[in-house]
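Take a look at the letters that make up each chain.
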Amino acid sequence: MTTASGNRGWNIGLWVVQGVLALFYAMAGLMKLTQPIDALVASGMSYAGDYPEFLTRFVGTMEVLGAIGIVLPAATRIAPRLTPLAAVGFSLIQVLAIGLHTMRGELFMLPFNLILLALSVLVVWGRSAKSPIAPRGA
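Because the structure is predicted, anything quoted here is derived from the model rather than measured. (Residues numbered from 1 in each chain as written. Predicted model: local features only at pLDDT ≥ 70, side-chain atom pairs only at ≥ 80, totals over all residues. Heavy atoms only, no water.)

**Observations regarding the pattern of salt bridges**
At step 1: For the structure on display, the rule yields 4 salt bridges.
At step 2: Note that Arg-57 and Glu-53 form a salt bridge whose closest N and O atoms lie 3.0 Å from each other. Within this pair, Arg-57 and its partner Glu-53 are both found in helix H3 (residues 53-69), separated by 4 residues, close to a single helical turn.
At step 3: Take Arg-57: its relative accessible area is 18%, and that puts it in the buried class.
At step 4: The closest approach of N and O atoms between Arg-104 and Glu-106, which form a salt bridge, is 3.1 Å.
At step 5: We classify Glu-106 as buried; its relative accessible area is 11%.
At step 6: Here the residues in one salt-bridge network are Asp-50, Arg-104 and Glu-106, joined through shared partners. (Salt bridge = Lys/Arg side-chain N within 4 Å of Asp/Glu carboxyl O. Helix = DSSP H or I, 4+ residues; strand = E, 2+ residues; numbered from the N terminus. Buried < 20%, exposed > 50% of the residue type's maximum accessible area, 1.4 Å probe, protein only.)

**Details of unusual backbone geometry**
At step 1: A positive phi angle, near 60°, is found at Arg-77, a position not held by glycine.
At step 2: Looking at the secondary structure, you find Arg-77 in the loop between helix H4 (72-76) and helix H5 (82-103).
At step 3: If you check the backbone angles, Ala-79 has positive phi at about 55° while not being a glycine.
At step 4: Its relative accessible area of 40% is what places Ala-79 among the partly exposed residues.

**Brief notes about the nonpolar core**
At step 1: Counting 12 residues, the largest nonpolar core is built from Val-17, Leu-21, Ala-22, Tyr-25, Ala-67, Ile-70, Ala-86, Ala-87, Phe-90, Ile-93, Leu-116 and Val-123.
At step 2: Taken together, the elements giving at least two residues each to this core come down to helix H1 (8-34), H5 and helix H6 (110-130).
At step 3: Those residues within four positions of Leu-21 in sequence are excluded, and the remaining contacts are Ile-70, Phe-90, Leu-116, Leu-119, Ser-120 and Val-123.
At step 4: Grouped together as the second largest cluster of nonpolar side chains are 6 residues, Ile-37, Leu-40, Ala-48 and Leu-100 included. (Core = buried A, V, L, I, M, F, W, Y, C linked by side-chain atoms within 4.5 Å. Contact = heavy atoms within 4.5 Å.)

The analysis is restricted to geometry; functional conclusions fall outside its scope.
Laid out in structure tokens, this is it:
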């Protein structure tokens with residue numbers, strides 16, 4: 001991939017982080033889209049039973065779209081500025097998840113949420129400033 005800054009190490013590291021985020025959010029999103037709410041609750045997503053089903057399905061849809069958006073625009077170099085925007089979306093999901101888990105007293109989830117938030121912010125910064133992907137033809 002071509003980067004504007006030419007910093008190969010950062011580029012490789014950011015691709016790894018983007019891949020990890022894409023895999024995690026694709027799996028989580030597909031679960032929320034395909035599993036019955038009762039199965040989600042039984043698997044440990046107890047909040048899914050406390051909120052409208054539409055909200056769980058909406059979050060799942062956004063996670064799947066974000067998983068595509070964090071990789072595909074940069075990989076194809078078609079509109080690569082969408083990649084950091086997908087990471088902004090993941091950051092927002094994690095900020096909201098931190099609030100949800102805190103309100104529910106599920107403090108054991110916070111380290112996981114904070115790691116995902118940090119990785120998402122890293123991609124926002126990295127693909128915006130440190131090692132952006134140049135668009136096709138640039």
